[in-house]
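Now for the letters of each chain:
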Amino acid sequence: VFILTSKEIVHREEISLKEHIKAKRLEISLHVVLVGNNPASLVYVERKKKACESVGIHCFIHAFQENVTEQKLIEYIKELNKNPSIHAILVQLPLPKHINQHRVIDTIDDRKDVDGLTTKNRTRLVMEGDNGIVPCTPLGCLHLIKTVRKDISGLHAVILGRSHLVGKPLFHLLLSENMTVTIAHSKTKNIEEVTRCADVLISAVGLPKFIKKNFVKSDAVVIDVGINRLDDAIIGDVDFEDVKNHVAAITPVPGGVGPMTVLYLLKNTLRCYELIHAKY
Ligand code: NAP
């Protein structure tokens, strides 16, 4: 089995990003809107800021109290949109329940939408593939898949999970790469039979050790997006020990998809910068 870790890929790509930004003397800024004190969100935001700084992207965090109104956030984002020295905007999810997440996200200028979550960017992914801005986790998954399978055209990908953040955009991204794509979810019947057809199996369900060896075929590539916090560890959706000797390649958790998501946040930030500076 090939253990598909991301450390070296991320290291290599970050060096090349850093060199590019330095050589062209780019002044790029990412602005993160953070609401409340969700502990996981605080960890993620700090990780993103650190990654930005390591490649020479300026990262600013705009923190709001848990009880901020939707209107106030929307007005604030409109100001960020107008500011020409701001290239990329990220709203850290989830937002508190009293705020309509979709309305807030859709306020972001499509060119500054670093997470690729506005209606226009989502529609573009469906209609045109990866021409616009595509969410970071699906891009990270695709990169990992291509690391082990050079020609993915026609291979069967099975995705578990149909969220707006991971499953659905990944479906369209892989389809645009000419993969044959199946998406399964909590209502799927005989799920093991579906996943056993997968040349590439991607799990994004958020259930610890959900995927066992009877879910996979022997030459499969398994990409584990799940992040499940137990008392003493973070583990994926895949029962790594049970599955690892029954597949061709498998990503670990931690050290697989997570760092790739952060890498693609940096790449998408550069992409936003280029879109803002593109001549129309
Ligand atoms: P989500 O919005 O909770 O979606 C979970 C999906 O899993 C839903 O589509 C759900 O189906 C499906 N599901 C639940 N139970 C299932 C079952 N028994 N069999 C088959 N499908 C089932 O989660 P998400 O935001 O996509 O995140 C999924 C996981 O990925 C989480 O652990 C999250 O922490 C992790 N994540 C990791 C990264 C990273 O960078 N590594 C990034 C984002 C998310 P229904 O639609 O039918 O309810």
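These remarks concern the structure in this document. None of the values given here were measured: they were computed from a predicted structure.

### Considering the environment of Asp199
At step 1: Within the secondary structure, Asp199 sits in the loop between helix H8 (191-195) and strand E7 (200-203).
At step 2: Expressed as a C-alpha distance, the spacing of Asp199 and Ser6, which sit 193 residues apart in the sequence, is 20 Å.
At step 3: At 2.7 Å, the side chain of Asp199 forms a polar contact with the backbone nitrogen of His156.

### Here's the deal with the packing of helix H1 (residues 7-23) against helix H2 (residues 39-55)
At step 1: At a closest axis distance of 8 Å, the pairing of H1 and H2 adopts a crossing angle of 55°. On the basis of their axis angle, the class for H1 and H2 is oblique. Along its contact with H1, which presents Glu14, Leu17, Lys18 and Ile21, the element H2 presents Ala51, Ser54 and Val55.
At step 2: Looking at the contact of H1 with H2 residue by residue, the classes come out as four nonpolar, one polar and two charged.

### As for the sheet that holds strand E5 (residues 156-160)
At step 1: Spatially, the six strands line up as an open sheet ordered E1-E11-E8-E7-E5-E6, and their pairing is parallel. Looking at the sheet topology across the chains shown, the edges are occupied by strand E1 (2-3) and strand E6 (180-184).
At step 2: For E5 and E6, the ladder comprises five bridges, and the chain directions are parallel. Its bridge partner being in E6, Ile159 is matched across the sheet by Ile183.

### Quick word on the side chain of Thr107
At step 1: Here Thr107 is to be found in the loop between helix H4 (101-105) and helix H5 (119-128).
At step 2: By relative accessible area, Thr107 is classed as buried at 15%.
At step 3: Engagement of the side chain of Thr107 in a polar contact is seen with the backbone oxygen of Arg103, the distance being 2.8 Å.

### Thoughts on the sheet that holds strand E3 (residues 58-64)
At step 1: Taken together, three strands build an open sheet; the order of strands is E3-E2-E4 and the sheet is parallel. The open sheet has two edge strands with one neighbour each: E3 and strand E4 (88-91). Along the sheet, successive strands turn relative to each other by an average axial angle of 20°, direction set aside.
At step 2: In this structure, strand E2 (residues 29-35) lies alongside E4, joined through four bridges in parallel fashion. For Leu30, the partnering residue across the bridge sits in E4 and is Ala88.
At step 3: Across the sheet, helix H3 (residues 70-82) touches E2, E3 and E4, and the angle it forms with E3 is around 160°.

### A few points about H2
At step 1: In a regular helix each residue adds 1.5 Å, so 17 residues correspond to 24 Å; H2 covers 25 Å between its end C-alpha atoms and thus fits that length.
At step 2: When we look at burial in H2, the residues that qualify are Ser41, Val45, Lys48, Ala51, Cys52 and Val55. Projection of H2 onto a plane perpendicular to its axis shows the buried side chains occupying an angular sector of 125°, all on one side. For H2, exposure combined with an orientation more than 90 degrees from the buried face picks out Pro39 and Lys50.
At step 3: Where H2 is buried, its residues touch H1, E2, E3, E4 and helix H10 (257-277).
At step 4: Capping the start of H2, Asn38 holds a side-chain oxygen 3.0 Å from the backbone nitrogen of Ala40, two or three residues further along.

### Looking at the environment of His246
At step 1: Along the chain, the position of His246 falls in the loop between helix H9 (240-243) and strand E11 (249-250).
At step 2: Sequence separation of His246 and Lys212 is 34 residues, and the distance between their C-alpha atoms is 9.8 Å.
At step 3: Those residues in contact with His246 that sit more than four places away from it in its chain are Lys213, Val216, Lys217 and Ser218.

### What to know about the nonpolar core
At step 1: Judged by nonpolar contacts, the single largest core of 55 residues is most densely connected at Leu30, Ile57, Leu174, Met179, Val200, Ile202 and Ile223.
At step 2: Take this core: its biggest share by element is ten residues, from H10.
At step 3: In this structure, Ile74, Ile86, Ile99 and Ile105 belong to the second largest nonpolar core, which totals 18 residues.

### Focus on unusual backbone geometry
At step 1: Cis rather than trans, the peptide bond between Leu93 and Pro94 has omega equal to 0°.
At step 2: Along the chain, Pro94 turns up in the loop between E4 and H4.
At step 3: The linkage connecting Val253 with the following residue, Pro254, adopts the cis geometry, with an omega of -5°.
At step 4: You will see that Arg25, though not glycine, has its phi angle at about 50°, which is positive.
At step 5: The phi torsion at Lys209 lies on the positive side, around 55°, for a residue other than glycine.
At step 6: A residue is classified by how much of its surface remains accessible, and Lys209, at 43% relative accessible area, is partly exposed.

Conventions adopted
- Along every chain, residues carry numbers that run from 1 in the direction the sequence is written.
- Only residues with pLDDT of at least 70 get local features here, since the model is predicted, and only at 80 or more are side-chain atom pairs given and counted; chain-wide, interface and lining totals rely on the full set of residues.
- Side-chain numbers here rest on the full set of heavy atoms in the structure, without hydrogens or water.
- Helix and strand labels come from DSSP, where a helix needs a run of H or I of at least four residues and a strand needs a run of E of at least two; each type is numbered from the N terminus.
- What qualifies as a polar contact is a pair of N or O atoms within 3.5 Å, subject to a donor-acceptor requirement within protein and to the restriction that residues adjacent in sequence count only when both atoms come from side chains.
- In this analysis an axis means a line fitted to C-alpha atoms, helices contributing only their contacting stretch, and an angle means the value between N-to-C directions, from 0 to 180 degrees.
- Here roughly perpendicular refers to angles of 65 to 115 degrees, roughly parallel to angles under 35, roughly antiparallel to angles over 145, and oblique to all remaining angles.
- By definition in these notes, contact holds between two residues if any of their heavy atoms fall within 4.5 Å.
- In this count, Pro and Cys sit with the nonpolar residues alongside Ala, Val, Leu, Ile, Met, Phe, Trp and Tyr, while Asp, Glu, Lys and Arg are called charged and the others, Gly among them, polar.
- Only strands joined by at least two bridges in the DSSP assignment are considered to pair.
- Only protein chains enter the accessibility calculation, which uses a 1.4 Å probe; a residue whose area is less than 20% of its type maximum is buried, one above 50% is exposed, and one in between is partly exposed.
- One less than the residue count of a helix, multiplied by 1.5 Å, gives the span that helix is expected to have.
- Taking the helix axis as origin, the arc is that swept by the directions to the C-beta atoms.
- Residues enter a nonpolar core if they are buried and are Ala, Val, Leu, Ile, Met, Phe, Trp, Tyr or Cys, with the set joined through side-chain atoms within 4.5 Å.

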